[in-house]
Amino acid sequence: MADGLDPKNVIIAVSLLTGFAQPDPLTGLAWAGEAIVFAALIPITYIKYGIKSGKWADRHVGNRRRRLLLIPVIMASVGAGIAGMLWLDARSRRGDAVIELGLPPVFFWLADAEEAEERAPRGDVGAVSADR
């Protein structure tokens, strides 16, 4: 269940459902695809890159200082996606719901990172050092 509510899965599901619910579902799904790329795929790719390069131990990035390196990248990606939608005039093409409903899952993603820090045992040196 926890993996089903993984932030990237929530972002993908909300974006697809919102896009499909638009008056023109094909256009809505196209905007949903753009939202998914910038709000889920780019951030998760960066997270996986960080794991492989040794910046952090897992996708939860429990170390607060390491997470401070990650959050600006996620926010920049989401910001670039929203800017692209606005530049391509998504609001006049009914992609506005994808823009508006795409933001809450991003904050859900950030809350998931905060929860990971709270789950880490206090005083457990191994939990902190795992994020190198």
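Data block above holds the structure.
Residues numbered from 1 in each chain as written. Predicted model: local features only at pLDDT ≥ 70, side-chain atom pairs only at ≥ 80, totals over all residues. Heavy atoms only, no water.

Enquirer: What's the story with the packing of helix H2 (residues 25–52) against helix H3 (residues 64–87) in this structure? I'm lost.
Expert: Axis angle and axis distance: for two packed helices, these are the angle between their axes and the distance between the axes, and together they describe the pair. At a closest axis distance of 9 Å, the pairing of H2 and H3 adopts a crossing angle of 160°. Taken as axis vectors, H2 and H3 run roughly antiparallel relative to one another. The hand of the H2/H3 crossing is right-handed. Counted together, Trp31, Glu34, Ala35, Phe38, Ala39, Ile42, Pro43, Tyr46 and Ile47 of H2 and Leu69, Leu70, Val73, Ile74, Ser77, Val78, Ala80, Gly81, Gly84 and Met85 of H3 form the full contact between these two elements. Grouping the constituent residues of the contact of H2 with H3 by class yields 15 nonpolar, three polar and one charged. (Axes fitted to C-alpha atoms, helices over the stretch in contact; angles between N-to-C directions. Helix = DSSP H or I, 4+ residues; strand = E, 2+ residues; numbered from the N terminus. Parallel < 35°, antiparallel > 145°, perpendicular 65-115°, else oblique. Left-handed = near helix turned anticlockwise from the far one by under 90°. Contact = heavy atoms within 4.5 Å. Nonpolar A, V, L, I, M, F, W, Y, C, P; charged D, E, K, R; others polar.)

Enquirer: In this structure, what is going on with a nonpolar patch on the surface? I would like to understand it.
Expert: Together, Leu16, Phe20 and Leu29 line one region of the surface with nonpolar side chains, adding up to about 270 Å² of accessible area. Secondary-structure assignment places leucine 16 in helix H1 (residues 7–20). (Patch = residues over 30% accessible without salt bridge, like charges linked within 9 Å, V, L, I, M, F, W, Y side chains within 5 Å. Areas by Shrake-Rupley, 256 points an atom, 1.4 Å probe, with all protein chains shown as cover. Salt bridge = Lys/Arg side-chain N within 4 Å of Asp/Glu carboxyl O.)

Enquirer: How should the packing of H1 against H2 be read in this particular structure?
Expert: Two elements in contact, H1 and H2, have axes separated by 7 Å at closest approach and are oriented at 165°. As far as their axial angle goes, H2 and H1 are roughly antiparallel. When the axes of H1 and H2 are compared, the crossing they make is right-handed. Contact residues: Lys8, Ile11, Ile12, Ser15, Leu16, Gly19 and Phe20 in H1; Pro25, Gly28, Leu29, Ala32, Ala35, Ile36, Ala39, Ala40 and Ile44 in H2. Its residues assigned to classes, the contact of H1 with H2 shows 12 nonpolar, three polar and one charged.

Enquirer: Is there a simple way to explain H3 in this structure?
Expert: Given 3.6 residues per turn, any residue in an α-helix points the same way as the ones three and four places further on. For H3, with 24 residues, the first-to-last C-alpha span of 34 Å sits near the 34 Å given by 1.5 Å per residue. For H3, every residue scored as buried is listed here: Arg67, Leu70, Ile74, Ser77, Val78, Gly81, Gly84 and Met85. Positive phi shows up at aspartate 89, right after H3, with a value of about 65°. (Expected span 1.5 Å × (residues − 1). Buried < 20%, exposed > 50% of the residue type's maximum accessible area, 1.4 Å probe, protein only.)

Enquirer: Help me understand the nonpolar core, please; the structure alone is not making it clear to me.
Expert: Soluble globular proteins tend to pack their nonpolar side chains together in the buried interior. Of all hydrophobic cores here, the largest spans 11 residues; its members are Ile11, Ile36, Ala39, Ala40, Ile44, Ile47, Trp56, Val61, Leu70, Ile74 and Val78. Within the residue set of this core, elements represented by two or more residues are H2 and H3. Ranked by the residues each element gives to this core, the list is headed by H2, at five residues. (Core = buried A, V, L, I, M, F, W, Y, C linked by side-chain atoms within 4.5 Å.)

Enquirer: When you look at the environment of isoleucine 74 in this model, what are you seeing that I'm missing?
Expert: Among the secondary structure elements, isoleucine 74 is positioned in helix H3. The spatial distance from the C-alpha of isoleucine 74 to the C-alpha of phenylalanine 38 is 8.5 Å, given a sequence separation of 36 residues.

Enquirer: When you look at the environment of histidine 60 in this model, what are you seeing that I'm missing?
Expert: Note that histidine 60 resides in the loop between H2 and H3. Taking the relative accessible area as the measure of exposure, histidine 60 reaches 22% and is therefore partly exposed. As for histidine 60 and isoleucine 47, which are separated by 13 residues in sequence, their C-alpha atoms are 9.0 Å apart.

Enquirer: Honestly, the environment of alanine 76 in this entry has me stumped. Any pointers?
Expert: Along the chain, alanine 76 turns up in helix H3. Classification of alanine 76 by relative accessible area gives partly exposed; the value is 49%. Residues alanine 76 and alanine 39 lie 37 residues apart in sequence; the distance between their C-alpha atoms is 9.6 Å.

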